[in-house]
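# Coordinate inspection notes
Given next are the chains, with one letter for each unit.
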Protein chains: 2
Amino acid sequence: MVTRTVMKFGGTSVGDLNRIARVAEIVEARARGGGGGGVAVVVSAMAGATNSLVELARGAAGDALHGQAFDDEYDVVVASGEQVTAGLLALALRRKGLRARSWLGWQLLLNTDEAHGKARIIGVDNPHFSAAVDSGEIAVIAGFQGVDRNGRVSTLGRGGSDTSAVAVAAALQARTCDIYTDVDGVYTTDPRIVSKARRLSRISYEEMLEFASLGAKVLQTRSVEMAMNHRVRVRVLSSFEGDVPGEDAGTLVCDEEEILEKQVVSGVAYSRDEAKFTLYGVADNPGVAAVIFGALADEGVNVDMIVQASARSEGRQNIVFTAPDREAERAKARLESLQEKIGYEALTVGREVAKVSVIGVGMRSHTGVAKTMFEALSGKGINIQVISTSEIKISVLIDASYTELAVRALHTAYGLDAE
Amino acid sequence: MVTRTVMKFGGTSVGDLNRIARVAEIVEARARGGGGGGVAVVVSAMAGATNSLVELARGAAGDALHGQAFDDEYDVVVASGEQVTAGLLALALRRKGLRARSWLGWQLLLNTDEAHGKARIIGVDNPHFSAAVDSGEIAVIAGFQGVDRNGRVSTLGRGGSDTSAVAVAAALQARTCDIYTDVDGVYTTDPRIVSKARRLSRISYEEMLEFASLGAKVLQTRSVEMAMNHRVRVRVLSSFEGDVPGEDAGTLVCDEEEILEKQVVSGVAYSRDEAKFTLYGVADNPGVAAVIFGALADEGVNVDMIVQASARSEGRQNIVFTAPDREAERAKARLESLQEKIGYEALTVGREVAKVSVIGVGMRSHTGVAKTMFEALSGKGINIQVISTSEIKISVLIDASYTELAVRALHTAYGLDAE
């Protein structure tokens, strides 16, 4: 079986003609290097291009248009950015004497649903695509874009080029999908906070999903989901390093079974974009939670941690939950308008909170992970306001001013510090 | 039969969001106005966008790529400009409560040959397109672009959006194709030279072709050819005038038979981009002209007027021809390299010459047209260096410094001056 390679370069990596020439060097090294399989390259729009196009589309539409009336033509405008980069990189590769051609979403038949602006990929269905790649012609693919079943241009939403790359890798049955970005991999935590943070050589899909949904900007959540579903190994690499990355460069996102040295906890994540809502003395009626969280969902508020406890008053309870701080005003207004219907006594919103999480597939088989966390935090005098857990994650809500202290304490407590 | 309308707006007319909003007003007035037939709008890229994209493509390719190795990806990059405008105008129309959608070259199945960068249109083949227009949804078409039989993006070359518009009008069997531009029609001559120049209310295809090939920038030659072949009436209008142009606004380019008040001469054109080559004492051998003009054709030099006359030397002749001044150096170098093969005695190149032409289908049935021209010029003491004629055109080559004088004299002599 031939081993096909898929590489993806983001907007900063193709930000101007010099950087595109640099990307052409990296692709050339891979194409001329061993392996012998074909190469497909997925590119984003040049940094800044998408924002300019979004601004134009919004300007043309004014405030009048929403939803479908805006989104399908927005996609037509915005998808042009990736089209330009694909053509430019194909030219830059040919300049080096390589065979290359661009592929747009509709040429690749990268089929999506009709959710314009945030479309989901159905599949890559051009029957001639694999053969073209195998012929040795480098495929330069405009990321972020597809085509819906009506033959209209669709886009995948911000970060969608990662998802394009994974979809192409799945279609090509490529061994790995290399995502070139401006960081050199996934770290045990934010190196700006913990100087002893270590680059992970491997991380499982599940852990990466938790990292991504906790705000790590390295990979888009949907691209990780798709990689997991299609068992595509994704490697996160820096485009500023050498032309041919070594075997152990970057971070490989892969199946848990491929990870030999399993850590109980792989990393510590944090988010400051949190607000804590407390509804005091909610009438203890069946269905009251459905009213609260249904209304917030209608408002587009992403509720995260939820805790329910008995209140001092008889037959009443307190409900605590968190939501992104940027959605706090909207959520508060909606809850206030529903005070009578919900029947609560008081509402408070805490804005100065942060969520700190530890993540690791090892939690499934190890006990005492939570105890380590709570001890480490109490050892520093940090009060835990809310706790929520999943199979491979424990999150706590704390006072925002303790964020760095907590992250550092946990990084040390779980033995993640580099020597 | 429904009367469908096709409108086309050039790069200046859609140069920014304000101008696009203005175009939306013009289209709205037409769509809501009488007639009842559907409306299709063809747009160019925003002024300046194409040049930026061309620069990017050239920068990515460097000097290394030529011909097909450059042109197909150049088309991918450059075609994105019209894609953006089409999406933006569709949004601007929806903002006004109109139904509208964009159509890209590949969606319209505007099929072309594979001559990337200067492709020729084969046809508009999407079987659903007419029905979509008839449904009352305004079709906003990205001009200048098509798709070749391999499913690659193609572009029609500079000015190609005019040709797109005529092709769309032919496919829709539209009664007229309105080309909105920054002038309000076709004039009897350049109003900057002759203040009494008059706007022509109608002009025949044949005359327009002569005007276009003589350098009038109003319509691209190929669009006029296509209009003539498909009997599409083209109206040249200003996009800076009222929303709903009157019946007699602009200039209608149409069949000769639709023009009731025929003038013998419709207009006076001139070109200063001329150089006059004289080859003295060319050996009078069969095939020598083929050598000279074959070599120039290989060099891409567009030879125009050609005159051959006996030279003073026995068995030798002088050959005079004109070519664009910007191609003069290239032509001269090639002829010098062929001096031995051609066997001429001397070569001179006159750069300070201009071509002045009178055009009119009336020449076919009227005599004395040439006489009027020669008398008018000699009356001003202007010496004629070369003469060439076609069925509906007489051109003379004169000293460039007499250009304005000649144009004015001819405009008066043929009764073209406005009262």
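See the structure printed just above.
Residues numbered from 1 in each chain as written. Chains lettered and ligands numbered in written order. Predicted model: local features only at pLDDT ≥ 70, side-chain atom pairs only at ≥ 80, totals over all residues.

The subject of this paragraph is the interface of chain B and chain A. Tallying the contact residues gives 31 residues for chain B and 31 residues for chain A. Elements represented by at least two residues in the side of chain B that touches chain A include exactly helix 1 (17-32), helix 2 (49-61), helix 3 (68-78), helix 4 (80-95) and helix 5 (105-108) of chain B. Tallying contributions element by element places helix 4 of chain B first for the side of chain B that touches chain A, with eleven residues. (Contact = placed C-beta atoms within 7 Å. Helix = DSSP H or I, 4+ residues; strand = E, 2+ residues; numbered from the N terminus.)

A few words on the sheet that holds strand 12 (residues 251-254) of chain A. All names here are of chain A. Sheet architecture is open: eight strands sit in the order 3-6-2-1-9-11-12-10, paired in mixed fashion. Two strands in the sheet have a free side with no partner beyond their single neighbour: strand 3 (100-103) and strand 10 (202-204). The average angle at which neighbouring strand axes cross in this sheet is 20°, direction not considered. For strand 1 (residues 5-9) and strand 2 (residues 39-43), the ladder comprises five bridges, and the chain directions are parallel. Among the inter-strand pairings, Lys8 is bridged to a residue of strand 2, identified as Val42. Packed on one face of the sheet, helix 4 (residues 80-95) meets strand 2, strand 3 and strand 6 (138-142) and runs near 160° to strand 6. Set on the sheet, helix 8 (residues 205-213) makes contact with strand 10 and strand 12; between it and strand 10 the angle comes to about 85°. (Pairing = 2+ DSSP bridges. Axes fitted to C-alpha atoms, helices over the stretch in contact; angles between N-to-C directions.)

A few words now on the packing of helix 13 (residues 369-379) of chain A against helix 14 (residues 403-413) of chain A. Residue and element names in this part refer to chain A. At a closest axis distance of 9 Å, the pairing of helix 13 and helix 14 adopts a crossing angle of 130°. Relative to helix 14, the element helix 13 lies oblique. Note that helix 13 runs across helix 14; the crossing there is right-handed. Residues Thr372, Met373, Ala376, Leu377 and Gly379 of helix 13 form the contact with helix 14, whose own contacting residues are Ala406, Ala409, Leu410 and Ala413. Taken together, the residues of the contact of helix 13 with helix 14 sort by class into seven nonpolar, two polar and no charged. (Parallel < 35°, antiparallel > 145°, perpendicular 65-115°, else oblique. Left-handed = near helix turned anticlockwise from the far one by under 90°. Nonpolar A, V, L, I, M, F, W, Y, C, P; charged D, E, K, R; others polar.)

Before going further, it helps to examine the relation of the copies chain B and chain A. Both copies of the chain are related by a screw-like operation: a rotation about an axis and a shift along it. Between chain B and chain A, the superposition needs a rotation of 179° and an axial shift of 0.0 Å, giving an RMSD of 0.1 Å. When the rotation and shift are considered jointly, the pair of chain copies conforms to a two-fold rotation axis. Minimal C-alpha separation from the rotation axis in chain B is found for Ser80 of chain B, amounting to 2.6 Å. A shared interface surface links the copies, since 100% of the contact residues of chain B are contact residues in chain A too. (Least-squares fit on C-alpha atoms with pLDDT ≥ 70 in both.)

To continue, consider the sheet that holds strand 14 (residues 306-310) of chain B. Residue and element names in this part refer to chain B. The strand order 14-15-13-16-18-17 describes an open sheet built from six strands, whose pairing is antiparallel. With partners counted over all chains shown, the strands left at the sheet margins are strand 14 and strand 17 (386-390), one partner each. On average, adjacent strands in this sheet sit at an angle of 25° to one another, irrespective of strand direction. Inspection of the sheet shows strand 16 (residues 346-359) paired to strand 18 (residues 393-399) by seven bridges, in the antiparallel sense. In the sheet register, Val358 faces strand 18, and the bridge partner there is Ile394.

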